[in-house]
Amino acid sequence: MDPMERQKQLRQAMNAKMILFAGGIFLVFTAVTSTIMYGINFFTIAHEAAKGTSECVEILQDAGISIGLARGVGICFLIVGMWEATVGLWAVRSNNRVDRSLRTFRLILSLLILEVVMQIFLFFIHMMNLGMLFTAIAIPLFLLWGAGRYRKIAKAEPERVYAVETAKTKAQSHAAPEQKKGKSIHERAVMQARLQEEPEDRENEPEGSDVHAAEATEENSGATEKTPKSE
């Protein structure tokens, strides 16, 4: 790979790293402060309306939804919010990992599909608003763009692990060969112990065994060859 192409991939990797990190943090923030809170509020209103609280009953009547539907909407918001937080944390944690690009791409894509289904559901029950639609669709698309850049880098360099080499990643890269080396030393020790056990096993063989008979035959043949012929 020429230096210009490598420099281009490095810029793409740095941009994707920043996108996943910033987008992941923002996704977790919106999940906790908006989506999950929507779910909790719907549950609270449905619960109070079931008790007969007039204010909550009026809220549901004005929205044109029943108590059961309000609970269902609350469950949907909680599921989407927890998945948003999960994907956001994964994006932040894997923002420098090119080898995890496929899993990151699939997780973000699944979130985007879930958000679209949720917005369609809210549209049919007349509860969709433009602000929620923007945050629900724009953030996963932004993250998907960053993960797509990592996918291109992973296809160009399949053995690449990290997007940007840092002091921590370099230390981890140096630790991996040392672990392999330690494993080979252990294997050598096992092989040496086996070789030391082989002579002891031969000494413990019974006198009438085939091994001793073969050794005695070899010794007699060697002695016969060394003895000079009589005239």
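Per chain, residues are indexed from 1 in the order of the written sequence. The model is predicted, so local features are restricted to residues of pLDDT at least 70 and side-chain atom pairs to those at 80 or more, both for listing and for counting; the totals for chains, interfaces and linings are taken over all residues. Heavy atoms from the whole structure form the basis of all side-chain values; hydrogens and water molecules are not counted.

Draft legend 1. The pattern of salt bridges, seen in detail. A pairing counts as a salt bridge when a side-chain nitrogen of Lys or Arg comes within 4 Å of a carboxyl oxygen of Asp or Glu. Tallied over the full model, the rule gives two salt bridges. Where aspartate 99 meets arginine 97, a salt bridge forms, and the shortest distance between an N and an O atom there is 2.7 Å. Under the scheme applied here, a residue whose accessible area is under 20% of the maximum for its type counts as buried, over 50% as exposed, and between as partly exposed, the area being computed with a 1.4 Å probe on protein chains only. Its relative accessible area of 41% is what places aspartate 99 among the partly exposed residues. For arginine 160, the salt bridge goes to glutamate 157, with nearest N and O atoms at 3.5 Å. Across the pair, exposure class does not vary: arginine 160 and glutamate 157 are buried alike.

Draft legend 2. Spotlight on unusual backbone geometry. We note that histidine 126 has phi near 60°; this positive angle belongs to a residue other than glycine. Helix and strand assignments follow DSSP, with helices taken as H or I runs no shorter than four residues and strands as E runs no shorter than two, numbered in order from the N terminus. Tracing the sequence through the fold places histidine 126 in the loop between helix H4 (101-124) and helix H5 (130-156).

Draft legend 3. Quick look at the packing of helix H1 (residues 3-51) against H5. Axes, fitted as lines to C-alpha atoms, cover a helix only where it is in contact. Angles between the N-to-C directions of the axes lie from 0 to 180 degrees. Here H1 crosses H5 at 150°, and the two axes come no closer than 9 Å. In terms of their interaxial angle, H1 and H5 are classed as roughly antiparallel. The interaxial crossing formed by H1 with H5 has left-handed handedness. The residue classification treats Ala, Val, Leu, Ile, Met, Phe, Trp, Tyr, Cys and Pro as nonpolar and Asp, Glu, Lys and Arg as charged. All others, Gly included, are polar. Of the residues belonging to the contact of H1 with H5, the class tally is 16 nonpolar, seven polar and two charged. Roughly parallel means an angle under 35 degrees; roughly antiparallel, over 145; roughly perpendicular, 65 to 115; everything else is oblique. Note: crossing handedness is left-handed where the near helix turns anticlockwise from the far helix by less than a right angle, and right-handed where it turns clockwise.

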